[in-house]
Amino acid sequence: MIEEIFENKEKLIKIINKTFKSPLRGNQQEVCIHGATVLGIDLKKCLESSNIKTICFTDNDSKKWNRMLDEIPIVSPKYKNENFYNIPLLISSLQYEEEILDSWKKRGVDLSYQLDFLHFKHPSVFNYIFFEDMFNVTYNNKDDIIKLYNDLHDEESKETLLNIVKYRLSFDKNYLKISKSLNEQYFDKDVLSFTDDEVIYDVGAYDGDTIECFLGKVTNNKYAKYYAFEPSNSYCEIIQNKKDQNINWKNVEIVNCGVYNKKSKVKAYDKGSSEFSDNILSIDKSIDSEAAGNSDVIYINTITIDEFAKTHLKPTFIKMDIEGAELNALIGANNVIVNHKPKLAICIYHRPSDLSEIAKYIKQLNSHYRFYIRHYRDYICDTVLYCL
């Protein structure tokens, strides 16, 4: 069935262009952006590179109105409607895109486009990593995607992959909604089970939310060791504070570094943390002073899982959610995957190519894995590949 989706590329493109309309024209010079956030600033930077000026930000959060963000005024939606009605409005949010579209529809403004489509229509202007040539990458990798589909171990996984591909080739988010799992991300009870002796490598521990979920909801505080890998100093401090307040975290060890394909210092960008954003730290994106936008380019220490495992307990379960660096981190875990076959929960949504390339790479390392896929959001984020 999945082969049928890839039958006619030109027909797929025609359907997309009929469904969505771009607000940008060849001589477009000015836009407004809904979303006074760091993603909004990133979008502004993308537009500037094509000589498109952002007149204002707007946001549903009234606390942000009448302030400045990146030297651009933040105005209320009403003010935008009354003063810049004919200026095209772009939405910078992923999580709340549909909610924002609905709010503008109620104001009499029908925005028949979304970020994924704008990346498809104007690839030289927009560069969010999630959507980077998503349509073409998905279509061109059809052989590997079909192989992955045939390798998946249950029908829910096959249906999930099928709907993800349908979304990527149509931009219809309804396909993602019908595939959304309500189970715990990374620890899906329909896929995974755990013993009391698990050794967890949490790669991308963020602020410790995954630790809280695993110990509190999944294993009832029964585990052998939990290594929390996190390159952000500020998040490591948050995790440490949580550990200090919870006796059940006594076997949690914080590893303040990134995980990569080599032990080194690598470039990263840090969005920082403010009322306009959460802290976002990535070690695997193309970075220069302009591409980093409002971010601070820094250097962080990285290690490999293979090297770490030589002097620490070997993992029985590895979770990875590291902003597009997953494949490189897996390259640094070759020996562990080949010789110890830990359970894996790997995010495969940060780059369009991850959907097929990560499973293909893991299968090359260890052909004994069974593959499962689950998706946990109404939009593009939070697709997880489970390998058992």
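Structure shown above.
The rules we used
- Residues numbered from 1 in each chain as written.
- Predicted model: local features only at pLDDT ≥ 70, side-chain atom pairs only at ≥ 80, totals over all residues.
- Heavy atoms only, no water.
- Pairing = 2+ DSSP bridges.
- Helix = DSSP H or I, 4+ residues; strand = E, 2+ residues; numbered from the N terminus.
- Axes fitted to C-alpha atoms, helices over the stretch in contact; angles between N-to-C directions.
- Contact = heavy atoms within 4.5 Å.
- Buried < 20%, exposed > 50% of the residue type's maximum accessible area, 1.4 Å probe, protein only.
- Core = buried A, V, L, I, M, F, W, Y, C linked by side-chain atoms within 4.5 Å.
- Right-handed = clockwise from strand over helix to strand, strands pointing away.

So, about the sheet that holds strand β2 (residues 53-58). As summarised here, the arrangement of the five strands in space is β3-β4-β2-β1-β5, forming an open sheet in which the pairing is mixed. Among the strands making up the open sheet, the edge pair consists of β3 (67-69) and β5 (89-91). Recorded for the sheet is a direction-independent mean angle of 40° between the axes of neighbouring strands. Across three bridges, the pairing between β3 and strand β4 (residues 72-75) is antiparallel. The partner of Met-68 across the bridge, within β4, is Pro-73. Taken strand by strand, helix α5 (residues 97-106) contacts β1 (30-34), β2 and β5, and its axis lies near 150° from that of β5.

Glancing now at the environment of Phe-117. The topology assignment puts Phe-117 in helix α6 (residues 115-121). Judged by relative accessible area, Phe-117 falls into the buried class, the value being 1%. Spatially, the C-alpha atoms of Phe-117 and Arg-168 are 9.8 Å apart, while their sequence positions differ by 51 residues. Apart from the residues lying within four places of it in its own chain, the contact partners of Phe-117 are Ile-16, Asn-17, Phe-20, Lys-21, Ser-22 and Phe-171.

Here we have seven strands laid out as an open sheet, ordered β8-β7-β6-β13-β14-β16-β15, and mixed in their pairing. The open sheet terminates on both sides in strands that have one partner only, identified here as β8 (252-255) and β15 (371-375). Along the sheet, successive strands turn relative to each other by an average axial angle of 15°, direction set aside. Relative to strand β16 (residues 383-387), strand β14 (residues 343-347) is paired through four bridges, and the arrangement is antiparallel. For Leu-344, the partnering residue across the bridge sits in β16 and is Cys-387. On the sheet, helix α11 (residues 209-218) packs against β6 (199-203), β7 (225-229), β8 and β13 (317-320) and is oriented at approximately 165° with respect to β7.

A separate point is the nonpolar core. With 125 residues, the main nonpolar core has Leu-161, Tyr-201 and Ile-362 as its most contacted residues. With six residues, helix α16 (residues 354-365) is the single largest residue contributor to this core.

In this section: the pairing of β8. Regular strands have side chains that alternate between both faces of the sheet. When β7 meets β8, the two strands line up parallel, connected through four bridges. The residue of β8 that forms the bridge with Tyr-227 is Glu-253. The parallel pair β7 and β8, bridged by helix α12 (residues 233-244), forms a crossover whose chirality is right-handed.

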